[in-house]
Amino acid sequence: MHSKSLTKTILLFGPLVLTGLGIIMIYSASSIFASCKFHDAGYFMKKQFLFAIAGTLGMLLLMRVPYERLRRLAYPLWALCLGLLVCVLVPGIGTEIGGAVRWLRIGPLSFQPSEFAKLAVILLLAYSLSKKGRDKIKSFSIGVLPHLLMVLPLCVLIIVQPDFGTTLMIVVLLVCMMFIGGVRLRYLCGLGLLGACAAVPLIAMKGYRMERMLTFLNPWEKSSGSGFQIIQSFLAFGAGGLKGTGLGAGTQKLFYLPEPHTDFILAVIGEELGFVGVMLVVAVFAMIVLCGLRVAAHAQDLFGAYMALGIVMMIGIQTCINMGVVLGLLPTKGMPLPFVSYGGTSLVMNLMAVGVLLSISAHADMKAQ
Amino acid sequence: MVTVQARTELKNSIRLCALLFAVLFAVIGVRAWFLQILRSPDLTRTLERQYKTSVLLSPKRGTIYDRNGNELAISVQVESLFARPHMISDPAGLSQRLAGILNMEPDAIADKLREEKPFVWIARKITQQQAQAVRALEEQGLEFAKESKRTYPNGELAGQVIGFTGLDSEGLEGLEFRMNETLRGTPQRVAASRDARGRHLFSEGFCSSAQDDGSDIYLTIDKTIQYIAEKEMQATVAATGAKSGIAVVMDPWNGDVLAMAVVPLFDPNNYSQYGRDMWRNRAIADVLEPGSTFKIFVVAASLAEKIITPEDTFFCENGTFRIGGRTISDVHPYGWLDVSGIIKHSSNIGVSKISKHLGTPLFCDYIGRFGFARPTGIELPAEASGYMPPSERLSEHTRSVMAFGHSISVTPLQLAQAYSAIANGGVLIQPKVVKSTRTSDGETRAYQPDAQGQRVIDHASAQILTEMMQTVVEQGGTGVKAAVPGFGVAGKTGTARKIYNGTYSHNRLVASFAGFCPVDNPRLTVVVIVDEPRTMTYGGQSAAPAFSRIAQQALNYLNVAPRVQIAAGEAPSTIHDQGPPAAGRAG
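Residues numbered from 1 in each chain as written. Chains lettered and ligands numbered in written order. Predicted model: local features only at pLDDT ≥ 70, side-chain atom pairs only at ≥ 80, totals over all residues. Heavy atoms only, no water.

Trainee: What is the right way to read the packing of aromatic side chains from this model?
Mentor: Two measures describe an aromatic ring pair: the distance that separates the ring centres and the angle between the ring planes. All names here are of chain B. Per the counting criterion, the structure on display carries 22 aromatic pairs over all chains. Aromatic side chains F315 and W336 sit 5.3 Å apart centroid to centroid with 45 degrees between the ring planes, which places their arrangement in the tilted category. With F315 in strand 13 (residues 313–315) and W336 in strand 16 (residues 336–338), this pair connects stretches of sequence that are 21 residues apart. Taking the relative accessible area as the measure of exposure, F315 reaches 26% and is therefore partly exposed. Clustering of aromatic rings is evident, with ring pairs tying together F164, F266, Y271, Y274 and W279. Between R124 and the ring centre of W121, over which it is positioned, the NZ or CZ distance is 4.2 Å. Over the ring of Y500 we find R508, and its NZ or CZ is 3.7 Å from the ring centre. (Phe/Tyr/Trp six-rings, centres within 6.5 Å; stacked < 30°, edge-to-face > 60°. Helix = DSSP H or I, 4+ residues; strand = E, 2+ residues; numbered from the N terminus. Buried < 20%, exposed > 50% of the residue type's maximum accessible area, 1.4 Å probe, protein only. Lys NZ or Arg CZ within 6 Å of the ring centre and 35° of its normal.)

Structure follows, in structure tokens:
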């Protein structure tokens, strides 16, 4: 009983702590850039703060809504997602930033449907897998084919934006959730092989993806060219040392670090808050993941368990990939750090996902009572 | 609702997930420890190298003025374009657009944009229009730096004297090179943080004391006289088909170089379009055998040492004389000539005989005292010292030919310096080209105190020699064409064969005239050198008229009143008789 309320507390406050830290670090990382570009040092921080409020409200709302009601939304949300992703690609509707069309602009706000797609996929798979029962899932035509047919169109729409990172994330979620749902391992291996075959030309086709792969293997060789980003990240971590240079005192964010307030925010944390700060962030994420897994284990039904697992994996894998990239363990891949990185849609979706987790947790409690 | 089997399978899956994440987070932690603890010291060092760029704040380079405050070299602020290649996404397209604006090859720009450097210059010192056009592209990774560009408003005027600066505003030639530190000022090294866009962030370690701008320099050069000398030397070179022409105009009393013309001219604004050869200030950097202009120093020494008197006569052997086993000859055969006649007619044999009376040790001593075979010490780079054979190894023949300016090499400026010593009554004064400097806070300082000078010969001997030298421009002298209407001229012609492939050439000559005027109170020493004239090969034919025209215009410009208003058609040869002797001016 006590441990369950601890789980809820961690799930509620862990993401909020990270979000708060994110807002502070976004200000630290972006204030100079923002004052140069927008003549407002708090430009990014303020926007993130508003999204944090929206996300928190969404989270509080969803944790009170019985998650079973989401079942009914699985297909409509999938269809909505598909529609939005098509809209993004329609010229004149989608907004292009940095060569990629990922955003829908609604007044002053911009919305990234691909972030929404992750959650939609999780809901769809949790619903579909739990509905069919574990025996039927073993069959290819029931356990694999429908899911592939529904998820792959989303992937295609996202990869053409292009957003390789989110596509990869969705594919990983698909495979993992099917595995958890009981799909035969040999189908998944076959799928994995197919996926790898699809990834190779996608990587080779775009020169920069190949370059990133090669750079990853030896960044120092191209320290001023393509290795520049990751080396600047190393330098930031190195400069931070054990205790960091102090909040706001980092220098790497001064345009040396690529995207210091988005994908590389952990490097700013590493520089300013040091190894201690990084380890605290890692610890909070680990606790969130652990608690999320506990929620999955105690869910009252398979749908809840699958939902919880999907959400935990979405957050956990994204965290690991982001940290792996920033620390130079993985090739450079645009993937924000959940809750912390700047990015409105991502923050709102992640907080709402946690709200769902809390809802699942709450109902597990009720059942236990 | 959940079967027991499903629950078990689920639990296993969840355990697997937990294990997987535990491993992943552990790896992340270890990696963070590796970077932040283990590698921290050397990563921090690399980082500091990147940030603490020592920035050289280049102050404004000083202006070069002529003696009257006319600008000869000025600095203006212009913009230079650089790129940060890692921020540029489309080098090929961008280089195409830049090429149109900058008039450059697209491939050359594309190569620069692809360089693996954080910073690369695209085009230095571009025009304002170009800079605006590039700004209008609003391209990421293209930025500007302010630099100062040197311009020479008078173009070719005194190009070899002034020299020029390179792209980094460091003097490369001439006074720009020699006086670089004065002109440049004190650049300040500042350890400044830099962000990746190259902006300096002076928040830490910024040294705020103001840097010293460069000092302005005032030259002794007179823009007008320089122009006169250059124009006349260009005309002379054109008329004679010579390879080059050199003229040095000097104030004999204080050593101020008023003009130093080297033709062909070059324009320091576009120095790269001229050969290195044309940058050289041949008035100080080139040595030549002076020929007969050198004879007067033998006479000067012999007069000063009282070895000869003006009344002494020498037999000039009717044009051919064997000495030291070799023959020397005169252009025209002469019999008996007095010392004045030897100078007037430029007899090689006569002056050889005088040098024999003078003797080798004194001869060499006086050559040295007149400033030959060592640099004058003028504030110009790459000054040659000239060459004189060591006295202990001097054969009789060598001494004899040295008496008329062979087997010895001098610079045109050395010749002007030595002639000035005779003009001012016997004192050798170091020539100078920099008159004063003015620091950035307005303090003017004489660059070098007026040199006291070294007395070389007594005043009376200089006086006698001057009178002899006047006969050169008189009727029957070799330098009649050097006469300046209204002013007395003392001078000497020279024609020397150049050594070519180890022997004296018959068709490569150096024609010269050196002299000063007005004789009664000399204002100008002028040395004119015509290098390899094709026609009018004698000094009296090509160099003497140039001397006359330069001296006449310069005296006119300086408002020097002629002693006599001569009627048209009157022979200029009578003029010198009208002037009183220049008494009491020797320093």
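Trainee: Explain the pattern of salt bridges to me, please; I cannot follow it from the model alone.
Mentor: Side-chain pairs of opposite charge can arise where the charged atoms are in close proximity. Within this structure, the stated rule accounts for 27 salt bridges over all chains. With a shortest N-O distance of 3.1 Å, K118 of chain A and E115 of chain A are connected by a salt bridge. Of the two residues, K118 of chain A and E115 of chain A are both situated in helix 4 (residues 113–137); the distance of three residues between them amounts to about one turn of the helix. For the pair formed by K118 of chain A and E115 of chain A, the shared burial category is buried. Here D42 of chain B makes a salt bridge to R39 of chain B, at a shortest N to O gap of 3.1 Å. Connected via shared salt-bridge partners are K243, D277, R280, R282, D286, K498, R508, D531 and E532 of chain B. (Salt bridge = Lys/Arg side-chain N within 4 Å of Asp/Glu carboxyl O.)

Trainee: What am I meant to see in the nonpolar core here?
Mentor: Across soluble globular proteins, nonpolar side chains show a tendency to be buried alongside one another. Within the largest apolar cluster, 128 residues are counted, with the highest numbers of intra-cluster contacts made by F285, M307, L309, M313 and F339 of chain A. In contact with M307 of chain A, not counting residues within four places along its chain, are L70, I122, L123, A126, V356 and I360 of chain A. Counting residues in each nonpolar core, the second largest holds 125 residues, with M179, I367, V489 and V527 of chain B among its members. (Core = buried A, V, L, I, M, F, W, Y, C linked by side-chain atoms within 4.5 Å. Contact = heavy atoms within 4.5 Å.)

Trainee: Explain unusual backbone geometry here, please?
Mentor: With the exception of glycine, most residues fall at negative phi, and the peptide bonds are largely trans. In this structure, P162 of chain A follows Q161 of chain A across a cis peptide bond, with omega equal to 0 degrees. One can find P162 of chain A in the loop between helix 6 (145–159) and helix 7 (164–180). Residue P518 of chain B is bonded to the preceding C517 of chain B through a cis peptide linkage, with omega at -10 degrees. On the secondary structure map, P518 of chain B appears in the loop between strand 22 (503–517) and strand 23 (524–531).

Trainee: Explain the layout of surface pockets to me, please; I cannot follow it from the model alone.
Mentor: By rolling a water-sized probe across the atoms, one finds the places where empty space is left. Of the voids in this model, the second largest pocket is the one considered here, and its volume is about 1,100 Å³. Looking at the second largest pocket, it is lined by 38 residues, and the ones nearest its centre are F164, L168, V171, V172 and A199 of chain A. When residues of the lining of the second largest pocket are traced back to their parent elements, those giving at least two are helix 6, helix 7, helix 8 (185–205), helix 9 (207–217) and helix 12 (302–326) of chain A together with helix 1 (4–38) of chain B. It is helix 8 of chain A that provides the largest number of residues to the lining of the second largest pocket, a total of nine residues. Here the residues of the lining of the second largest pocket sort into 30 nonpolar, five polar and three charged. (1 Å grid on protein atoms, 1.4 Å probe; cavity = no way out; pocket = protein on both sides within 12 Å on 5 of 7 lines; lining within 4 Å. Points joined across faces, edges and corners; volume = space filled by probe spheres on them. Nonpolar A, V, L, I, M, F, W, Y, C, P; charged D, E, K, R; others polar.)

Trainee: Is there a simple way to explain the packing of helix 12 (residues 295–304) of chain B against helix 18 (residues 459–470) of chain B in this structure?
Mentor: In a pair of packed helices, the angle between the axes and the distance between the axes together describe the arrangement. Residues and elements named next belong to chain B. Following both chains from N to C, one finds helix 12 and helix 18 inclined at 140 degrees, their axes separated by 9 Å at the closest point. Crossing handedness for the pair helix 12 and helix 18: right-handed. Residues I296, V299, A300, L303 and A304 of helix 12 touch helix 18, and the partners they reach there are S461, I464, L465, M468 and M469. For the contact of helix 12 with helix 18, the per-class residue count stands at nine nonpolar, one polar and no charged. (Axes fitted to C-alpha atoms, helices over the stretch in contact; angles between N-to-C directions. Left-handed = near helix turned anticlockwise from the far one by under 90°.)

Trainee: Hey, could you run me through the pairing of strand 3 (residues 71–83) of chain B in this one?
Mentor: Residue and element names in this part refer to chain B. Here strand 3 lies mainly inside the structure; ten of its 13 residues are buried. As judged from the two bridges shared by strand 2 (residues 64–65) and strand 3, these two strands associate in the antiparallel manner. Paired with Y65 across the two strands is E71, which belongs to strand 3. Pairing analysis gives ten bridges linking strand 3 to strand 5 (residues 142–151), with the strands arranged antiparallel. Residue pairing across strands places F82 opposite E143, the latter belonging to strand 5. With four bridges connecting them, strand 3 and strand 4 (residues 120–126) associate as antiparallel partners. From the neighbouring strand, A83 faces strand 4, where its bridge partner is V120. (Pairing = 2+ DSSP bridges.)

Trainee: Even after reading the chapter, I still don't get the confidence of the model for chain B, so can you show me in this structure?
Mentor: A low pLDDT means the predicted coordinates there should not be read in detail. Residues and elements named next belong to chain B. Summary statistics for chain B give a mean pLDDT of 86 and a share of 88% for residues scoring 70 or more. Every residue in residues 200–210 scores below 50 in pLDDT, and together they form 20 contacts with partners more than four places removed in sequence or on other chains. Confidence metrics for the complex model read pTM 0.56 and ipTM 0.91. (pLDDT = per-residue confidence, 0-100.)

Trainee: Would you mind showing me how to read helix 19 (residues 539–557) of chain B here?
Mentor: In this model, helix 19 of chain B (19 residues) spans 25 Å end to end at C-alpha, consistent with the 27 Å of a helix rising 1.5 Å per residue. N559 of chain B occupies a position one or two residues after helix 19 of chain B and carries a positive phi of about 60 degrees. (Expected span 1.5 Å × (residues − 1).)

Trainee: Please explain a nonpolar patch on the surface as it appears in this structure.
Mentor: On the surface, a nonpolar cluster with roughly 540 Å² of combined accessible area is contributed by F179 and L185 of chain A together with L16, L19, V23 and V27 of chain B. Here the nonpolar patch gets four residues from one element, more than from any other, and that element is helix 1 of chain B. On the secondary structure map, L19 of chain B appears in helix 1. What makes L19 of chain B exposed here is its relative accessible area of 55%. (Patch = residues over 30% accessible without salt bridge, like charges linked within 9 Å, V, L, I, M, F, W, Y side chains within 5 Å. Areas by Shrake-Rupley, 256 points an atom, 1.4 Å probe, with all protein chains shown as cover.)

Trainee: Just to check I follow, could you spell out the sheet that holds strand 12 (residues 257–263) of chain B for this structure?
Mentor: Across a sheet, strands are paired by hydrogen bonds formed along the backbone, either parallel or antiparallel in direction. Residues and elements named next belong to chain B. Spatially, the five strands line up as an open sheet ordered 12-11-23-22-21, and their pairing is antiparallel. Sheet topology places strand 12 and strand 21 (490–500) at the edges, where each strand pairs with a single neighbour. Recorded for the sheet is a direction-independent mean angle of 10 degrees between the axes of neighbouring strands. Where strand 11 (residues 244–250) lies against strand 12, six bridges are found, and the strand directions are antiparallel.

Trainee: What am I meant to see in the side chain of T437 of chain B here?
Mentor: Among the secondary structure elements, T437 of chain B is positioned in strand 18 (residues 434–438). Setting aside its immediate chain neighbours within four residues, T437 of chain B contacts T182, D216, I217, E443, T444, R445 and Y447 of chain B.

Trainee: Sorry, what's going on with the pairing of strand 21 of chain B here?
Mentor: Regular strands have side chains that alternate between both faces of the sheet. Residues and elements named next belong to chain B. In the sheet, strand 21 pairs with strand 22 via ten bridges, with the strands oriented antiparallel. Within the sheet, the bridge partner assigned to K492 lies in strand 22 and is A514. Linkage of strand 21 to strand 22, two consecutive antiparallel strands, is achieved through a turn of two residues, within which N501 is found at a positive phi near 55 degrees.

Trainee: Can you help me understand the side chain of S436 of chain B in this one?
Mentor: Residue and element names in this part refer to chain B. With respect to the helices, strands and loops of the structure, S436 is situated in strand 18. Look at S436 and you get buried, because its relative accessible area is 13%. Sequence-distant contacts of S436, that is, excluding residues within four places in its chain, are made with D216, I217, Y218, T444, R445, A446 and Y447.

Trainee: Whenever I open this one, the state of the cysteines confuses me. Can you help?
Mentor: Applying the stated criterion across every chain, the model contains zero disulfides over all chains. Its sulfur unpaired, C17 of chain B is 6.7 Å from the next cysteine sulfur, which belongs to C176 of chain A. Residue classification places C17 of chain B among the buried residues on the basis of a relative accessible area of 9%. (Disulfide = S-S within 2.5 Å.)

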